[in-house]
Amino acid sequence: MLLSTMLLLAGMALLFWTGDFLVKGAVGLAENLGIPQLVIGLTVVAFGTSAPELFISVQAALAGQSGIAVGNVVGSNIANVLLVIGLPALLAPILADQAGLRRNMLAMIGLTVVFLWLLSNGVIGRLEGGLLFAGLCAFIGWQIYEGITADQPVDHDFHEELGDAPHTGWKVAFYLVIGIVGLPLAAQLTIAGAVDIAEYFDISDAVIGLTVIAIGTSLPELATTLMAAIRNSGSVAIGNIVGSNIFNLAAIMGLTALIAPVTVADRIILVDMWVMLATSLLLAALAFARITSGKVMGVAMLAAFGAYIASFLY
């Protein structure tokens, strides 16, 4: 049990470390090639920051642990709303008023509903995966078009959160190699530890995916949102959560299903996907009604997340 826990923690730490190398290396390469900042922000950075979750889901699906693959996505989207917004709201008020947020919120809700429909038959095959990924490509294309044709330039300065990217040829190659080689290894360690823990406690791999792995993969978003709240940039934080949820559904689940079709646990179909929809609608309500998430809302969100986690004990 101790070894399994160490494998899980080491794997998740390695995921984020190697994922950071991959993103910075890819950004450095893109900037060296002269790709516009807008395109880099919407594609290279967005895909790169989702790489740890993607490798987890793909490795899990290939290993026959579909519960982890789907649970990782559904659980992360739930945690992104209730935990990642609830906790920072205790520190500083968060107002959902970012430009274009309502439009992106509608895209998230629409994609969530489509995802629920695809989950309803208990299997996400390659056709469904292709539909999800096609939806993501259309969304990104729309975002790029809107950014290029906008009257005012769209600010996509991601360097403050990402840090400096390498631009020297050998450094770019080094960062990319670390990311490309390290991410699959980290995913294998994480899956191995998670499966052993599930077997030890006699629980399903879906439960591990929905809880431990989902919370773990939401920690980077939590750190980013906490810093945004401290800097009074809560609207940007909510925009990041919406983007993360869209990528979780369309990129991670779409690409995973294209590589290896996954089966969906009954618990996810009957309970968790509806919780995910409810949290998405809550986020949309905050955005459309321009409700400020303060301490009361933060406590309510954290209490709801605690109740959700407690539901796995029964």
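Everything below is about the structure shown above.
Rules behind the numbers
- Every chain is numbered independently, its residues counted from 1 as its sequence is written.
- Owing to the predicted nature of the model, reporting of local features is limited to residues with pLDDT of at least 70; listing and counting of side-chain atom pairs is limited to 80 or more, with chain, interface and lining totals taken over all residues.
- Just so you know, side-chain values use all the structure's heavy atoms and leave hydrogens and water out.
- Secondary structure elements are taken from DSSP: a helix is a run of H or I of four residues or more, a strand is a run of E of two residues or more, and numbering for both begins at the N terminus.
- With C-alpha atoms as the basis for the radius of gyration, the globule rule is written as 2.2 Å multiplied by the number of residues raised to the power 0.38.
- Residue burial is assigned from relative accessible area. The probe radius is 1.4 Å, only protein chains are included, and a residue is buried under 20% of its type maximum, exposed over 50%, and partly exposed in between.
- Residue contacts are counted whenever heavy atoms from the two residues lie within 4.5 Å of one another.
- We get accessible surface area from the Shrake-Rupley algorithm with a probe of 1.4 Å; when it comes to residues, only the shown protein chains can shield them.
- For this count, His and the chain ends are skipped, Lys and Arg are scored as positive, and Asp and Glu as negative.
- Note on charges: their place is set at NZ of Lys, CZ of Arg, CG of Asp or CD of Glu.
- To define axes, lines are fitted to C-alpha atoms, for helices over the stretch in contact only, and angles between the resulting N-to-C directions are given on a 0 to 180 degree scale.
- Under this scheme an angle from 65 to 115 degrees is roughly perpendicular, one under 35 degrees roughly parallel, and one over 145 degrees roughly antiparallel; angles in between are oblique.
- In this classification, Asp, Glu, Lys and Arg are treated as charged, Ala, Val, Leu, Ile, Met, Phe, Trp, Tyr, Cys and Pro as nonpolar, and every other residue, Gly included, as polar.
- As used in this record, nonpolar core signifies buried Ala, Val, Leu, Ile, Met, Phe, Trp, Tyr and Cys residues forming a set joined through side-chain atoms within 4.5 Å.
- Stacked, tilted and edge-to-face pairs are distinguished by plane angle, under 30 degrees for stacked and over 60 for edge-to-face with tilted covering the rest, among Phe, Tyr and Trp rings (Trp via its six-membered ring) whose centres lie within 6.5 Å.
- Only one rule defines a salt bridge in this text: a Lys or Arg side-chain nitrogen within 4 Å of an Asp or Glu carboxyl oxygen.
- Between the first and last residue of a helix there are one fewer steps than residues, each counted as 1.5 Å, and that sum is the expected span.
- Think of the arc as the fan of directions from the helix axis to the C-beta atoms.
- Each patch is built from residues lacking any salt bridge and having more than 30% relative accessible area; the joining distance is 9 Å for like charges and 5 Å for nonpolar side chains (Val, Leu, Ile, Met, Phe, Trp, Tyr).
- What is called the bend at a residue is the angle between a pair of axes, fitted to the seven residues leading up to and ending at it and to the seven starting from it.

J.: Can you walk me through the overall build of the protein in this structure?
T.: The helix and strand tally for the protein stands at 13 helices and 4 strands. Over its C-alpha trace the protein gives a radius of gyration of 19 Å, about what one expects of a compact globule, namely 20 Å for 314 residues. Here the protein, with 314 residues, has 52% of them falling under the buried criterion. Within the protein, contacts between residues at least 6 apart in sequence are counted, and of these 89% link residues at least 24 apart. Carbon and sulfur atoms provide 69% of the accessible area of the protein, an area that totals close to 13700 Å². Once the 9 positive and 19 negative side-chain charges of the protein are each reduced to a mean point, those two points are 7 Å apart.

J.: Can you help me understand the packing of helix α6 (residues 101-119) against helix α12 (residues 266-288) in this one?
T.: Relative placement of two packed helices is described by the angle separating their axes and the distance separating the axes. α12 packs onto α6 with a crossing angle of 170° between their chain directions and a minimal axis gap of 10 Å. In terms of orientation, α6 and α12 fall into the roughly antiparallel class. Between α6 and α12, the residues in contact are Leu-101, Arg-102, Met-105, Leu-106, Met-108, Ile-109, Thr-112, Val-113, Phe-115, Leu-116 and Leu-119 and Ile-268, Ile-269, Met-273, Trp-274, Met-276, Leu-277, Ser-280, Leu-281, Leu-283, Ala-284, Ala-287 and Phe-288, respectively. Taken together, the residues that form the contact of α6 with α12 break down as 20 nonpolar, 2 polar and 1 charged.

J.: So what exactly am I meant to see when it comes to the nonpolar core here?
T.: What tends to happen in soluble globular proteins is that the nonpolar side chains get buried as a cluster. Membership of the largest hydrophobic core comes to 84 residues, with the highest contact counts inside it found for Phe-115 and Leu-283. Ranked by the residues each element gives to this core, the list is headed by helix α11 (residues 234-259), at 11 residues. Excluding residues that lie within four positions of it along the chain, Phe-115 makes contacts with Val-74, Ile-124, Leu-132, Leu-249, Met-253 and Met-276. In this structure, Ala-30, Ile-40, Val-45 and Ala-165 belong to the second largest nonpolar core, which totals 6 residues.

J.: Sorry if this is basic, but what is going on with unusual backbone geometry here?
T.: Trans is the common state for peptide bonds, and a negative phi is the common state for residues other than glycine. You will see that Asp-202, though not glycine, has its phi angle at about 55°, which is positive. Structurally, the position occupied by Asp-202 is in the loop between α9 (169-200) and α10 (205-230). Note on Asp-202: relative accessible area 70%, which makes it exposed. Even without being a glycine, Arg-290 presents a positive backbone phi close to 50°. Mapped onto the secondary structure, Arg-290 falls in the loop between α12 and β4 (292-293).

J.: Which parts of the structure should I look at to understand the packing of aromatic side chains?
T.: Here the distance between the centres and the angle between the planes together describe a pair of aromatic rings. The full count for this structure, using the stated rule, is 7 aromatic pairs. Both rings, one in Phe-174 and one in Tyr-175, keep their centres 6.2 Å apart while their planes meet at 75°; by these two values the pair is edge-to-face. Judged by its relative accessible area of 43%, Phe-174 falls in the partly exposed class. Relative to Phe-312, the ring of Tyr-308 has its centre 5.2 Å away and its plane inclined at 80°; by these criteria the two rings are edge-to-face. Using a relative accessible area of 6% as the deciding quantity, one classes Tyr-308 as buried. One aromatic cluster is present, formed by Trp-17, Phe-21, Phe-174 and Tyr-175 through successive ring pairs.

J.: Explain the pattern of salt bridges here, please?
T.: Side chains bearing opposite charge may pair, as long as their charged atoms lie close to each other. Counted under the stated rule, the structure contains 2 salt bridges. The residue Arg-267 makes a salt bridge to Asp-272 at a minimum N-O spacing of 2.9 Å. Under the relative-accessibility criterion, Arg-267 is labelled partly exposed at 24%.

J.: What am I meant to see in helix α13 (residues 295-310) here?
T.: Working note: α-helix, 3.6 residues per turn, so residues spaced by three or four point in the same direction. Compared with the 22 Å implied by 1.5 Å per residue over 16 residues, the 22 Å span of α13 between its first and last C-alpha is a close match. Looking only at α13, the buried set comprises Gly-298, Met-301, Phe-305 and Tyr-308. Along the long axis of α13, the arc covered by the buried residues comes to 90°, so they all point the same way. Exposed side of α13, more than 90 degrees from the buried face: Lys-295 and Val-296 are the residues found there.

J.: In this structure, what is going on with the side chain of Glu-53? I would like to understand it.
T.: Here Glu-53 is to be found in helix α3 (residues 51-62). There is no salt bridge for the buried Glu-53, and the closest opposite charge comes from Lys-24, which lies 16 Å off by N-O distance.

J.: It is not clear to me how a nonpolar patch on the surface should be interpreted in this structure. Could you clarify?
T.: A cluster of nonpolar side chains, Met-1, Tyr-200, Phe-201 and Ile-203, forms an exposed patch at the surface whose accessible area comes to about 420 Å². Structurally, the position occupied by Met-1 is in the segment before α1 (2-32).

J.: Sorry if this is basic, but what is going on with the environment of Ile-148 here?
T.: Here Ile-148 is to be found in helix α7 (residues 126-149). For Ile-148, a relative accessible area of 60% puts it in the exposed group. In this structure the C-alpha to C-alpha distance between Ile-148 and Val-39, which are 109 residues apart in sequence, comes to 9.7 Å.

J.: I would appreciate a short explanation of α10 in the present structure.
T.: Given a rise of 1.5 Å per residue, 26 residues ought to cover 38 Å, and the 36 Å separating the end C-alpha atoms of α10 matches this to within 8%. The largest bend along α10 reaches roughly 40° and is located at Leu-219, with the proline Pro-220 sitting one to four residues downstream.

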